[in-house]
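So the chains spell out like this:
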Amino acid sequence: KLVLITYLSGYLVRRIDEVRGQFSGFVKPLALVFCMALLLLAQPDLGSVVVLFVTTLGLLFLAGARVVQFALMILMGVAALVMLILFEPYRMRRVTSFMDPWADPFGSGYQLTQSLMAFGRGGFLGQGLGNSVQKLEYLPEAHTDFVFAILGEELGYFGVLVVLALQLALVLKALQIGRRALNEKKQFEGYVGCGIGIWFGFQTVINVGAAAGMLPTKGLTLPLVSYGGSSLIAMS
């Protein structure tokens, strides 16, 4: 993700006129994302593909690409996402279980129901730091993908709001640095700053949405919170 943002920022500096004036300038970086997407889908890792696609579109939008091209790419992206879900049984189960996890609480909806129980136990003020029951082998991936549910259980609604406020502050700061760099004609630095802000913000939305049952379950870390060596190193 970081390498793609760095490459795209350099590409936009070198080919800014082509991106704004020609369709080929808009498509070339998306072709690179498509190649990366094939490798990620082979793992399989659909969540990272969505993050890469949205980050790429965000940077192209900042560079001044045409709105018509965006509408076309968004439609194609949504269509591809629907096809990937329909043709893969486990992804389809994730979508259906997210819509009604209590229909199969010990099967496909198990992880989400346990996550919702964690939020329910937390209430407004939480059970206290370290006092989570759900992390004792009840909630799968409690230290990585679903760490937000454990935060909700231990720190409660107000603790969750504090964590989200810190994430928002980080994203806004990255976007502010990027905007300032662009205003000072430092195009590369500006695109990198904005790209990191979009990446952190969108990945936070997906992680929190999945843990809270607002989005289908996706294996994406919560930036700088989830346990994990490679994720923490890249984001740091």
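These numbers come from a predicted model, not from an experiment. (Residues numbered from 1 in each chain as written. Predicted model: local features only at pLDDT ≥ 70, side-chain atom pairs only at ≥ 80, totals over all residues. Heavy atoms only, no water.)

A.B. asks: Tell me about the pattern of salt bridges, and please be specific about residues and values.
C.D. replies: All chains considered together, the criterion is met by five salt bridges. Of the charged contacts in the structure, one is a salt bridge between R15 and E18, with a shortest N-O distance of 3.2 Å. For R15, a relative accessible area of 34% corresponds to the partly exposed category. A salt bridge links K28 to E18, with the shortest nitrogen-to-oxygen separation between them at 2.9 Å. Here K28, found in helix α3 (residues 23-41), pairs with E18, found in helix α2 (residues 16-21); they are 10 residues apart in sequence, far enough to count as distant. (Salt bridge = Lys/Arg side-chain N within 4 Å of Asp/Glu carboxyl O. Buried < 20%, exposed > 50% of the residue type's maximum accessible area, 1.4 Å probe, protein only. Helix = DSSP H or I, 4+ residues; strand = E, 2+ residues; numbered from the N terminus.)

A.B. asks: Talk me through a nonpolar patch on the surface; I want residue IDs and the actual numbers.
C.D. replies: On the surface, I74, V78, V82, M83, L86, F87 and M92 cluster together into a nonpolar patch covering about 680 Å² of accessible area. Take the nonpolar patch: its biggest share by element is five residues, from helix α5 (residues 67-86). M83 sits in the partly exposed class, given a relative accessible area of 45%. (Patch = residues over 30% accessible without salt bridge, like charges linked within 9 Å, V, L, I, M, F, W, Y side chains within 5 Å. Areas by Shrake-Rupley, 256 points an atom, 1.4 Å probe, with all protein chains shown as cover.)

A.B. asks: Which residues make up the nonpolar core, and what values go with them?
C.D. replies: Of all hydrophobic cores here, the largest spans 23 residues; its most connected members are L12, V19, F26, L60 and Y191. Those elements that place two or more of their residues in this core are α1 (2-14), α2, α3, α4 (46-63), α5 and α9 (187-211). Looking at this core element by element, the count peaks at six residues for α4. Ignoring anything within four residues of it in the chain, the contact list for F26 reads V19, L57, L60, A65, Q69, F70 and M73. Residues F146, V147, A149 and L151 belong to the second largest nonpolar core, which totals 14 residues. (Core = buried A, V, L, I, M, F, W, Y, C linked by side-chain atoms within 4.5 Å. Contact = heavy atoms within 4.5 Å.)

A.B. asks: How would you sum up helix α6 (residues 89-99)? Please name residues and give values.
C.D. replies: Buried residues of α6: R91, V95 and S97, and no others. Its buried side turned inward, α6 meets α3, α4, α5 and α7 (110-122).

A.B. asks: Can you tell me about the environment of Q134, naming the residues and giving the values?
C.D. replies: Considering the arrangement of structural elements, one finds Q134 in the loop between α7 and α8 (147-183). If we ignore the near neighbours within four places in the chain, the residues touching Q134 are Q114, M117, A118, L139, I150 and E153. Within the structure, the side chain of Q134 is placed 2.7 Å from the side chain of Q114, a separation counted as a polar contact. (Polar contact = N/O pair within 3.5 Å; in protein donor to acceptor, adjacent residues only side chain to side chain.)

A.B. asks: Tell me about the packing of α7 against α8, and name the residues and values.
C.D. replies: Relative to each other, α7 and α8 sit at 35°, their axes nearing to 7 Å. In this structure, the crossing between α7 and α8 has a hand that is right-handed. Contact with α7, carried on its side by S115, A118, F119, R121 and G122, involves F148, A149, G152, E153, G156 and V160 of α8 and no other residues of that element. (Axes fitted to C-alpha atoms, helices over the stretch in contact; angles between N-to-C directions. Left-handed = near helix turned anticlockwise from the far one by under 90°.)

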